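A structural walkthrough
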Amino acid sequence: EYSAALRPIRSLWEKPESSGPQTLTLQLPDLSHRVVEVQRVPFEYHQRRYSLFLFHDITRLEKLERMREEFVANVSHELRTPLNLITGFSEMMAFSPESYGGVRLPSQYQEDTMEIYRSSKHLLSLVEDVLGLAQLEAGQMLIKRDWADLVKVIQEAVETMQPLYAAKGLYL
């Protein structure tokens, strides 16, 4: 079993033309399923070429990384559902008062509802970004570039923060 698992090390050994360090990761087929990083460091001594092989057990690091990836994906999915609900209801309250028998909210409540809507959209966007990063790390997502209206982004940030500044007697 080990001879097959260690075959990739031979490929490092058979590349003497490479002058820099080379690294590969192996999963050993024993009962503990260890993950080992092997690094080959070539060097010369008395005009002869040698290779030093360093073995690092990275089993725990690999396990922690998988746990982190799963946690990020699970938390993001768990946050998405209530945020979609908050965003949907606040959007309906802000833009469709007829849903409530045509009764309009007082202006202060309308402003607060708009703030809830904007903030929930922002949080939902952050959750989507976290999910996107998790997919990107897992190699399951293609990067898509898109244009953004910088003036609109800044304007939304100012509108979101303005009540906080005003409450402290500050201004932008």
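The structure this text deals with has already been given above.
A short tour of the structure in this document, coming up. Per-chain numbering applies: the sequence of each chain, read as written, is numbered from 1 onward. Totals for whole chains, interfaces and linings use every residue, but because this is a predicted model, local features are given only for residues with pLDDT of at least 70 and side-chain atom pairs only at 80 or more, for both listing and counting. Water and hydrogen atoms play no part in the side-chain values, which are based on all heavy atoms of the structure.

1. Quick look at the pairing of strand 3 (residues 48-57)
Successive side chains on a regular strand alternate, one facing one side of the sheet and the next facing the other. What counts, and what does not: In this analysis, strands are considered paired if DSSP registers two or more bridges between them. We count a stretch as a helix when DSSP gives it H or I for four or more residues in a row; a strand needs E for two or more, and each element gets its number in order from the N terminus.
One ladder, built from ten bridges, connects strand 2 (residues 35-45) with strand 3; its direction is antiparallel. Bridge assignment links F43 to a residue of strand 3, and that residue is Y50. The turn linking strand 2 back onto strand 3 is made up of two residues, and H46 within it adopts a positive phi angle of 50 degrees.

2. Focus: the pattern of salt bridges
This is how it is decided: Whenever Lys or Arg places a side-chain nitrogen within 4 Å of a carboxyl oxygen from Asp or Glu, that contact is recorded as a salt bridge. For the exposure calls, accessible area comes from a 1.4 Å probe over protein chains only, and a residue counts as buried if that area is under 20% of its type's maximum, exposed if over 50%, partly exposed in between.
Tallying each qualifying case throughout the model produces four salt bridges. A salt bridge links E65 to R68; the nearest nitrogen and oxygen atoms lie 2.6 Å apart. Of this pair, E65 and R68 both sit in helix 2 (residues 59-95), three residues apart, which is roughly one turn of that helix. Salt-bridge contacts for R80 lead to E128; the nearest nitrogen and oxygen are separated by 2.9 Å. Of the two residues, R80 is situated in helix 2 and E128 in helix 3 (residues 107-137); the sequence distance between them amounts to 48 residues. Look at R80 and you get partly exposed, because its relative accessible area is 24%. Overlapping salt bridges bring together E115, R118 and E159 as one network.

3. Focus on the packing of aromatic side chains
Short version of the rule: Under the pairing criterion, centres of Phe, Tyr and Trp rings, with the six-membered ring standing for Trp, must be within 6.5 Å; the plane angle then separates stacked pairs below 30 degrees from edge-to-face pairs above 60, leaving the rest tilted.
On inspection of all chains with the given rule, the structure shows two aromatic pairs. A centroid spacing of 5.7 Å and a plane angle of 25 degrees characterise the contact between F43 and Y50, whose relative ring orientation is stacked. Since its relative accessible area comes to 37%, F43 is described here as partly exposed. Judged by centre distance (5.4 Å) and plane angle (85 degrees), the ring pair of F95 and Y117 falls under edge-to-face. You can see F95 sitting in helix 2 and its partner Y117 sitting in helix 3, a full 22 residues away along the chain. When its relative accessible area of 47% is taken as the criterion, F95 is described as partly exposed. Taking relative accessible area as the criterion, Y117 reaches 13% and is therefore assigned buried.

4. Describing the environment of H122
Looking at the element boundaries, H122 is found in helix 3. Relative accessible area serves as the criterion here: at 51%, H122 is assigned to the exposed category. Here the alpha-carbon distance between H122 and T87, two residues 35 residues apart in the chain, equals 9.7 Å.

5. With respect to the side chain of S90
Put simply, the rule is: It only takes one pair of heavy atoms within 4.5 Å for two residues to be counted as in contact.
The topology assignment puts S90 in helix 2. According to the relative accessible area criterion, S90 is buried, its value standing at 3%. Not counting chain neighbours up to four residues away, the residues in contact with S90 comprise T113, I116, Y117 and S120.

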